[in-house]
Amino acid sequence: MIPWLLLLLSCCCFNGAAKGISQLERIDRCQTKCYQGLGCKTSREYWFADVCQDPTKRLNSATLLHNASISTVMRCEQKQKCGLYLRIRTVVQLMDKDSIHGISICTNSAGMMTNCQTIQFTKASRRSMLGMPVTVENDYTEVSPNQQLEVTVKTVPSYCGITWSSKYHTPECSNEDLRKNVPECITGTLSYVLSPEKKELTISVTDMLADHDYNLRLCHKDFICIGTGVYTQVKKENPLKTAVLPYSRPLPCLCIEGWSAVVDAPRVQVCPFKDRLEELWFGITFDPQEEALIWEPPCPVKVVVCLCENKEDDVCVDLPDSSQSVSRDKVRFAKVDPHPKLCMKFTVGSQSWIQCPFADGIRVWEVTVSTQHGHEEMQILSRVKAKFSVELRSTSAESPVGETNNRKFVEVEKQKPVKLELKGEKCNLCQQVKRIDVNYAVTVVHCTQLCMYKSSSLASSDSMWIILPAAACLSGIIIITLGLCLLLTIYRKRKEKDICLSEKHTDTEVSELQTHI
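What you see is a predicted model; the values in this text were computed from it and never measured.

Undergrad: Can you tell me about the pairing of strand 4 (residues 65–78), naming the residues and giving the values?
TA: Pairing of strand 1 (residues 25–26) with strand 4 involves two bridges; the strand directions are parallel. Looking across to strand 4, one finds that Glu25 is bridged to Val73. Strand direction decides the pairing type here: strand 4 and strand 5 (residues 81–93), joined by eleven bridges, are antiparallel. Residue Met74 lies in a different strand from strand 5, and its bridge partner there is Leu84. With antiparallel pairing between neighbouring strands as the criterion, strand 4 and strand 5 make up a hairpin whose turn holds two residues, including Gln80 at a positive phi of roughly 65°.

Undergrad: Could you give an account of the pattern of salt bridges, with specific residues and numbers?
TA: Counted by the stated rule, this structure contains 21 salt bridges. Measuring nitrogen to oxygen at the nearest pair gives 2.4 Å for the salt bridge that ties Glu137 to Arg89. One end of the pair, Glu137, is in strand 8 (residues 133–143); the other, Arg89, is in strand 5, with 48 residues separating them in the sequence. The class of Arg89 is partly exposed, set by a relative accessible area of 33%. Glu257 is paired through a salt bridge with Arg267; the nearest N and O atoms lie 3.2 Å apart. Taken together, the residues Glu257 in strand 16 (residues 254–260) and Arg267 in strand 17 (residues 267–270) connect sequence positions ten residues apart. Under the relative-accessibility criterion, Arg267 is labelled partly exposed at 43%. Salt bridges sharing partners connect three or more residues here, namely Glu25, Arg87, Arg89, Glu137 and Asp139.

Undergrad: Could you give me a rundown of the nonpolar core, with the residues and numbers involved?
TA: Core analysis: the biggest nonpolar cluster contains 40 residues, and Leu216, Trp281, Trp295, Val303, Val305, Leu307 and Phe333 have the highest contact counts within it. Going through the elements one at a time, strand 12 (200–206), strand 13 (214–221), strand 15 (242–246), strand 16, strand 19 (292–295), strand 20 (303–310), strand 23 (331–333) and strand 24 (342–348) are the ones with two or more residues in this core. Of the residues forming this core, the biggest block, four residues, is contributed by strand 24. Residue contributions to this core reach at least three from each of two domains, namely domain 2 (186–270) and domain 3 (277–355). Dropping the residues within four chain positions of it, Trp281 is found in contact with Trp295, Val301, Val303, Phe346, Val348, Trp353 and Gln355.

Undergrad: Quick rundown of the environment of Ala68? Include the residues and the values.
TA: Relative to the assigned elements, Ala68 resides in strand 4. Expressed as a C-alpha distance, the spacing of Ala68 and Val91, which sit 23 residues apart in the sequence, is 6.6 Å.

Undergrad: Any chance you could break down the state of the cysteines for me, citing the residues and the numbers?
TA: This structure, assessed with the given rule, holds nine disulfides. Here Cys253 is linked by a disulfide to Cys299, with a sulfur-sulfur distance of 1.9 Å. Every disulfide takes its handedness from the sign of the S-S torsion; for Cys253 and Cys299 that torsion is -65°, giving left-handed. With Cys253 in the loop between strand 15 and strand 16 and Cys299 in the loop between strand 19 and strand 20, the pair connects residues that are 46 residues apart, well separated along the chain. Among the residues examined, Cys253 registers a relative accessible area of 7% and is labelled buried. One disulfide in the model links Cys343 with Cys356; its S-S distance is 2.0 Å. The disulfide joining Cys343 to Cys356 has a torsion of about 90° about its S-S bond and is therefore right-handed. With a gap of 13 residues between them, Cys343 in strand 24 and Cys356 in the loop between strand 25 (351–355) and strand 26 (365–372) connect regions that are remote in the sequence. Residue class for Cys343 comes out buried when judged on its relative accessible area of 0%.

Undergrad: Please set out the pairing of strand 14 (residues 225–234) residue by residue, giving values where relevant.
TA: Across seven bridges, strand 13 lies against strand 14 in antiparallel orientation. Looking at the pairing, Leu216 lines up with Thr232 of strand 14.

Undergrad: Which residues make up the sheet that holds strand 19, and what are the values?
TA: The strand order across the open sheet built from three strands is 18-19-23, with neighbouring strands paired in antiparallel fashion. Pairing within the sheet leaves two strands with one partner each, and these edge strands are strand 18 (285–287) and strand 23. Going across the sheet, the axis of each strand differs from the next one's by a mean of 20°, ignoring polarity. Note: strand 19 against strand 23, three bridges, orientation antiparallel. Its bridge partner being in strand 23, Leu293 is matched across the sheet by Phe333.

Calculation criteria
Residues numbered from 1 in each chain as written. Predicted model: local features only at pLDDT ≥ 70, side-chain atom pairs only at ≥ 80, totals over all residues. Heavy atoms only, no water. Pairing = 2+ DSSP bridges. Helix = DSSP H or I, 4+ residues; strand = E, 2+ residues; numbered from the N terminus. Salt bridge = Lys/Arg side-chain N within 4 Å of Asp/Glu carboxyl O. Buried < 20%, exposed > 50% of the residue type's maximum accessible area, 1.4 Å probe, protein only. Core = buried A, V, L, I, M, F, W, Y, C linked by side-chain atoms within 4.5 Å. Domains from an automatic or database assignment. Contact = heavy atoms within 4.5 Å. Disulfide = S-S within 2.5 Å. Axes fitted to C-alpha atoms, helices over the stretch in contact; angles between N-to-C directions.

Set out below in structure tokens:
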């Protein structure tokens, strides 16, 4: 049971080291310490260890080695010149003066030679500490950041089966303490000021590795950061550690990458536009030969892409069987009808964006409407040979909304319009036209009111039959009235003239009579 507890303790130590702590313990020098007054000294062990001996019955791992632990400490010569060392600590139970002379500590890493050190206990101290547990601590082993190690502790002399071993992972360069002090972890700290009008990033570098130049570039972050071609170098002798980098588009994966001008230097990345997802939904292309709609994500993103039909109320209704989930792959929709109302919807989590690539383009086909002889005429005109489905639907109060009255299929040759006669007695008829020789298409709806045109034309015709005779009669009456007025006037003037002549003749006769008298 005790060996299993020791293994669990070692795993806990390993996990703690793997996560790393913000501040590592500092040491002034490497040394071996033996506590409780035990005298000891350290020496390097030969490459070939002695053959182990068979232990006695009272010697076992549980009674000899326990409470072992592993940690990482830091030793600094000066600022930015620090190294990492492995600290191994264990408790040894001295059973008798001849059984245990010391312990051996070995560290092994992939691709590296095994490093072993022997800690010898002095003979006098072994006698004085007989039967007592003593603590031994060693921090001579130099290690690197992010290193996977296997640590083994054995007794001297070595007894077969009496060992303690554990795997250990040294802290990574992501540890803030390492980034500031260990040369192979120093990346520098980047800050920036954004100028959207100029499309420029003004970058400042602090905490860079002393006495070395510093590289800066823009890159697109994926599994690795792929350079965009924008690069500069900050010289170590410049008092102001700043640089200006231009960018073309504020993509969420566009990052600033910086590293010291040394071989295998660690790099740091800062992504100023990481929340600008709306910049991803561009670059939609259409292949007119294959009628394919294509979009390729400029940045890695988990997105659901589908086609939708843009309605009048600004709601885009998904087309059946058009959904695709991608992260890096190209999206391709084959046999697409390039109509202005056909759009592409991008969904990330609970957010959606809509792009309509054909909104401002030339229509491949369209429905035209004209009025002839009191009723409307529809035509389908297409720039390519296409096949359409045409449905007549009634929206009157007499039948349910959207009830299909009939459907027919129409083939349209290139640049040869086809007429669609709208016949029927009902009002509020709608024609639904959809291209059916493709995989993805929208439906064009045109509604008309035939009876309004017909009734209004009939009413106007009946009115004409009433108005024209009435106008003729009225004209006749006016002409007769004017004629009668003219005759009456002539008659009155003639009568007045006759009266005047008669009076003049009478006066003449009277005068002659008076003269005669």
